[in-house]
Amino acid sequence: MILSVASGKGGTGKTTIAVNLALSLEGDHPVQFLDCDVEEPNAQFFLKPQILKRQPVFVKVPELDKDRCTFCGKCSKICAYNALAVLKDDVLIFPELCHGCGGCTLLCPESALREKEWKIGILEFGSRDTIDFIHGKLDIGQAMSPPVIRAVKEHRDPSRIVIIDAPPGTSCPVVESVKGSHFSLLVTEPTPFGLNDLQLAVETLRLLKIPFGVIINRADIGNSDVADYCQMHDIPVLMTIPTDRRIASAYSEGRTIIEILPSYKKKFLDLYTKINELI
Amino acid sequence: MKQLVIISGKGGTGKTVISAAFSSLASSKVIADCDVDAANLHLLLHPEVQEAHTFSSGEKAFLHSDKCTMCGECVEVCRFEAIEATEEDTIRIDSISCEGCGVCSFICPAQAIEMRDSMSGEWFVSHTKYGPFVHAKLGIGEENSGKLVTQVRRKATEICTQNNLDYVIIDGPPGIGCPVIASLSGADMALVVTEPTLSGIHDMKRIIEVAKHFKIPTACCINKYDINCENSSRIEAWCQEHSIPLLGKIPYDEEVTRSMVQGYPLTEHAKCAASKEIQELWEKLLNVLKKENK
């Protein structure tokens, strides 16, 4: 089963939920943890995996063979991302704008373009007890995280429960992360910001036809609008976590909830049971 | 005109609360919400929309199935796994996965694939009691949020110049990727809002590296500094070592959530400790911005 944890709004507790669920299931179930928040991967601080292998992530970008080029301009005309500019006697290539579609190389009438690999990030593979851990890291200054997310997900292991920690938001990196999940957990907080972004996340998952449930974190702050919204739209609230200074303090030090409050392990196992009933 | 962008790397550290407070404190400014993916600033500024514009990020492939000969060449060339041959011997294009490169339409021997403009968001120019406000809403699951961010910033700077205003206050998105780079590039200063957690510190360091990469002068502030004073001291030491001015330490304050629920910028009514600290932060930022001028 592939289970993704997403949120819309940042800082609501995605990583906390994903990590504690993984640690609660571990031992009884084979678990794989994929941190797909490749812009800011943070699960490492809580799972503290031993990293065993690193592997760069490349995208394919064009490279010019100037001897063959007639500067006809076709490549720049077909490029939807303005990644090539053809001058009188040169072709400028902007790899950071290139999506790696391969169009220019394929369609160049003189075969003057070939593809080379351009590094945009790195994957790290490791383990924590029986948990198989993989995360991606986008290189500083690189704009496009989806290829790194795709690279992380290529290593998913269907024989395990795959837990995906998704980035915040609702746009392409989130879609890339949650696509193909059997279930998504949306973590929110009961504030106007939490509600607004939850509604966006719900729309995203409906569009992708992924079943989902909500977890309300710091459930006693703010107001009841999130709970009311869920009730009105028949969205199951699968777990609520009260504000607890001990949890906040543990989080700040990279410690997990079940480490400081072991009774939560049962709650996370119950959560997993509820998810299974909903799929 | 000075452009100040508020960013954080990590989500949920308090960018929007601080941006809203600055919006109420600054006297002569345009406000821009560049978190187009999950915008929240409007919830505190209550905009009256004066102009609404649609935004097209590009094109998407559309299949004319009557012309399709099922040769499968499009499936071969698509690198985004957006085209598949179904079991019923038809071609299916998944418009969510389509990145609009158009390669399928170029190579299709039957001209069965057309590239059509896709509407992927809206942007607005609004009036608020704090001043002009430019904001946007990206379509669900859409891409190219960087391009929409650029559009929002372009309009905000245009309004700023036309009306001879002093500042553009930009509420930025989380992360370090495309919409962040679009929010950051060319700004006069970036204020990084962090929190004293291991994640907050790690993400702060990464976003400061990004700002440095694009040569944007950077200052820092710690939100909820008192939830872990030891980590806050570490941030202070790190900032000092890297010559990043640390301009504020905002305490954890329940008033922050209360003002959010009531829907106004913290500094407008609340006389709490957090509000006072954000006011001082704004004064210090103004001084730093003025120095950047010279």
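Conventions and cut-offs
- Residues numbered from 1 in each chain as written.
- Chains lettered and ligands numbered in written order.
- Predicted model: local features only at pLDDT ≥ 70, side-chain atom pairs only at ≥ 80, totals over all residues.
- Helix = DSSP H or I, 4+ residues; strand = E, 2+ residues; numbered from the N terminus.
- Buried ≥ 20, exposed ≤ 12 C-beta atoms within 10 Å, placed from the backbone.
- Pairing = 2+ DSSP bridges.
- Axes fitted to C-alpha atoms, helices over the stretch in contact; angles between N-to-C directions.
- Contact = placed C-beta atoms within 7 Å.
- Parallel < 35°, antiparallel > 145°, perpendicular 65-115°, else oblique.
- Nonpolar A, V, L, I, M, F, W, Y, C, P; charged D, E, K, R; others polar.

Side note on the overall build of chain B
Right, on to step 1. Of the regular secondary structure elements, chain B holds 11 helices and 11 strands.
Right, on to step 2. When its C-alpha atoms are laid out on the principal axes, chain B stretches across 70 × 40 × 40 Å.
Right, on to step 3. Classification of the 294 residues of chain B by burial places 54% in the buried group.

Things to note about the sheet that holds strand β1 (residues 2-6) of chain A
Residues and elements named next belong to chain A.
Right, on to step 1. The strand order β3-β6-β7-β2-β8-β1-β9-β10-β11 describes an open sheet built from 9 strands, whose pairing is mixed. Because the sheet does not close on itself, it has two edges, and the strands there are β3 (50-64) and β11 (237-241). For this sheet, the mean inter-axis angle between neighbouring strands, taken without regard to orientation, is 20 degrees.
Right, on to step 2. Summarising the sheet, strand β9 (residues 183-188) and strand β10 (residues 212-217) pair through 5 bridges and their orientation is parallel. Following the sheet pairing, L186 is matched in β10 by V214.
Right, on to step 3. Contacts from helix α1 (residues 14-25) reach β1, β2 (31-35), β7 (131-138), β8 (161-165), β9 and β10 within the one sheet, and its direction differs from that of β8 by about 160 degrees.
Right, on to step 4. Helix-sheet contacts for helix α11 (residues 264-278) involve β1, β9, β10 and β11, and the interaxial angle to β11 is about 165 degrees.

Quick word on helix α1 (residues 15-25) of chain B
Within an α-helix, residues lying three or four positions from one another point in the same direction, as the helix has 3.6 residues per turn.
Right, on to step 1. Across the 11 residues of α1(B), 11 count as buried, placing the element largely inside the fold.
Right, on to step 2. Restricting attention to buried positions, one finds in α1(B) the residues B:K15, B:T16, B:V17, B:I18, B:S19, B:A20, B:A21, B:F22, B:S23, B:S24 and B:L25.

A short note on the packing of α1(A) against α11(A)
The description of two helices packed together rests on the angle between their axes and the distance between the axes.
All names here are of chain A.
Right, on to step 1. Two elements in contact, α1 and α11, have axes whose closest approach is 9 Å; the angle formed by their N-to-C orientations is 95 degrees. Here α1 lies roughly perpendicular to α11, going by the angle between them. Note on element contacts: α11 touches α1 through Y264, K265, F268, L269, L271 and Y272, opposite N20, L21, S24 and L25.
Right, on to step 2. Class assignment of the residues belonging to the contact of α1 with α11 gives a composition of 7 nonpolar, 2 polar and 1 charged.

Things to note about the interface of chain A and chain B
Right, on to step 1. Counting residues at the interface gives 50 residues for chain A, matched by 51 residues for chain B.
Right, on to step 2. Split into classes, the residues belonging to the side of chain A that touches chain B amount to 22 nonpolar, 22 polar and 6 charged.

Focus: the pairing of β2(A)
All names here are of chain A.
Right, on to step 1. The buried fraction of β2 is high, at 5 of 5 residues.
Right, on to step 2. A two-sided burial pattern is seen for β2, the buried positions comprising V31, F33 and D35 on one face and Q32 and L34 on the other.
Right, on to step 3. Bridge count for β2 against β8 is 5 bridges, and the pairing is parallel. For Q32, the partnering residue across the bridge sits in β8 and is V162.
Right, on to step 4. Sheet topology places β2 next to β7; 4 bridges connect them, and they run parallel. Residue pairing for β7: Q32 is matched across the bridge by D132.

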